[in-house]
Amino acid sequence: MKHIKDPLHGYIDVPEPELTIINTPIYQRLRRIKQLGMSETVYPSASHTRFAHSLGVMHLARKLGDSIGLPDKQVRENQVAGLLHDSGHLPFSHTFEGLFDSRVGYSHEKISCDYIDQLQSDNNVDFPVDPKAVKNIIMGRYDGTNLVSNEIDCDRLDYLLRDSYHTGIQLGKIEHDTLIKFAGRINGELGFDHKSLRSVERLLDARMQMNYSVYSHDTVNITETMLERSVELHVDNTADEMTDFVGLDDSEMSYLLLNSDYDPAAELYSFVRDRKLYKTAYYNPLEDRDVEILQDIQSKLSDDVQSHEEEIADIAGVDRHKVLISSVDYKQIPRYTTPIRTPIGDIRDFEDMSPKPEALRQNMRMDQNIHVFTHPSCTETVSEASDSYIRSLDVL
């Protein structure tokens, strides 16, 4: 047994078999992938990694599994899933994951499962549980009690605590000890006693605060849009394919883009590296629009975004690569069915016990806007061109 000191959880105990997983190149790569992608451009201390987060999820999965009385086999399966759930992340975490998924049809969870197959066949790895069970936990198909990929789980609990700690955003007290103490198995699922209902609600409050302050921060959005478009331009104009980025870390991806054979991709990423960021030229908030309208805007504007950028650039008379669109990416948050045991002993869905899930949906709707970003030298002309062009699309 090894012990790793963590600023959030104290000492994390690592059994020897899990240590053989950690000491592989597959897992060590996570040391070189920042947890929050490009958020470091706004929050300089947000340089924490997927490596530390995954250790934290493993630790919480063990604590929570023991607390609710899971069989040892399920505790260990969740523990290993917590360790490996993010092993398939692309460079810069989620920054261009949407682009990758749209082009390849593959999520980071599926890549993680591919890595688990590789680890199982590695003679230097003592894989401690059935790898199929670990993959099912990660993909949300587990027959047992899933502590890692759920509505309320150890993944969310650790990243909210860790992201808050490293950005300095004060969330109030996330009472993870209370959540773990009053969690339980209800009809085979992870559920909670009514005594911890306020603690569960505070977790959703924290998610809303982090979404507003960090994950959807305007400058982070600009930086991530610039990086994503640099990747897209590189792939569309060189011999590289999206799948070539699997297994790279942040530094390797940075080197690749800076040395791209397609100069506009290299230049755009150099702006990101040196924090010479584009500015907002056009903004249209859409949070009050009906779901059907949001979906229509998404299909018309987001699905072929580069052609729209070219049209605006032509109208404005500027270089095509000086116009970037960040548009609607609407995903409906499903009903929260996490079971809550009431004071009289019956079981109700969390959705029926609290207004917080609906508040979270409204919070996420605030992200559904149309932004046009441009080089600071041509903000005014791109602003006028964007307004004219987007009105002509008749999508608003």
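Higher on the page you've got the structure.
The structure contained in this document is the topic of the report that follows. Since this is a predicted model, take the numbers as computed values, not measurements.

Before going further, it helps to spend a moment on the overall build of the protein chain. On a plain count of helices and strands, the protein chain comes out with 18 helices and 9 strands. Judged by the C-alpha coordinates and their principal axes, the protein chain covers about 65 × 50 × 35 Å. Counting across all 396 residues of the protein chain, residues that qualify as buried make up 55%. Once local pairs closer than 6 in sequence are excluded, the contacts in the protein chain between residues at least 24 apart make up 72%. Accessible surface computed for the protein chain: about 17500 Å², of which carbon and sulfur atoms make up 45%. Of the charged side chains in the protein chain, 42 are positive and 67 negative, and the gap between their average positions amounts to 7 Å.

Okay, the packing of aromatic side chains next. Under the criterion given, the structure shown has 6 aromatic pairs. Here the aromatic rings of Tyr159 and Tyr215 are separated by 6.4 Å at their centres, their planes lie at 75 degrees, and the arrangement is edge-to-face. With Tyr159 in helix H8 (residues 154–167) and Tyr215 in helix H10 (residues 197–215), this residue pair connects regions lying 56 residues apart in the sequence. On the basis of relative accessible area, Tyr159 is assigned to the buried category, the value being 18%. When the ring centre of Tyr11 is taken as origin, the NZ or CZ atom of Lys5, which lies over that ring, is 4.7 Å away. A cation sits over an aromatic face here: Arg31 above Phe51, 4.0 Å from the ring centre.

Rules used throughout
- Residues numbered from 1 in each chain as written.
- Predicted model: local features only at pLDDT ≥ 70, side-chain atom pairs only at ≥ 80, totals over all residues.
- Heavy atoms only, no water.
- Helix = DSSP H or I, 4+ residues; strand = E, 2+ residues; numbered from the N terminus.
- Buried < 20%, exposed > 50% of the residue type's maximum accessible area, 1.4 Å probe, protein only.
- Contact = heavy atoms within 4.5 Å.
- Areas by Shrake-Rupley, 256 points an atom, 1.4 Å probe, with all protein chains shown as cover.
- Lys, Arg positive; Asp, Glu negative; His and termini not counted.
- Charge placed at Lys NZ, Arg CZ, Asp CG, Glu CD.
- Phe/Tyr/Trp six-rings, centres within 6.5 Å; stacked < 30°, edge-to-face > 60°.
- Lys NZ or Arg CZ within 6 Å of the ring centre and 35° of its normal.

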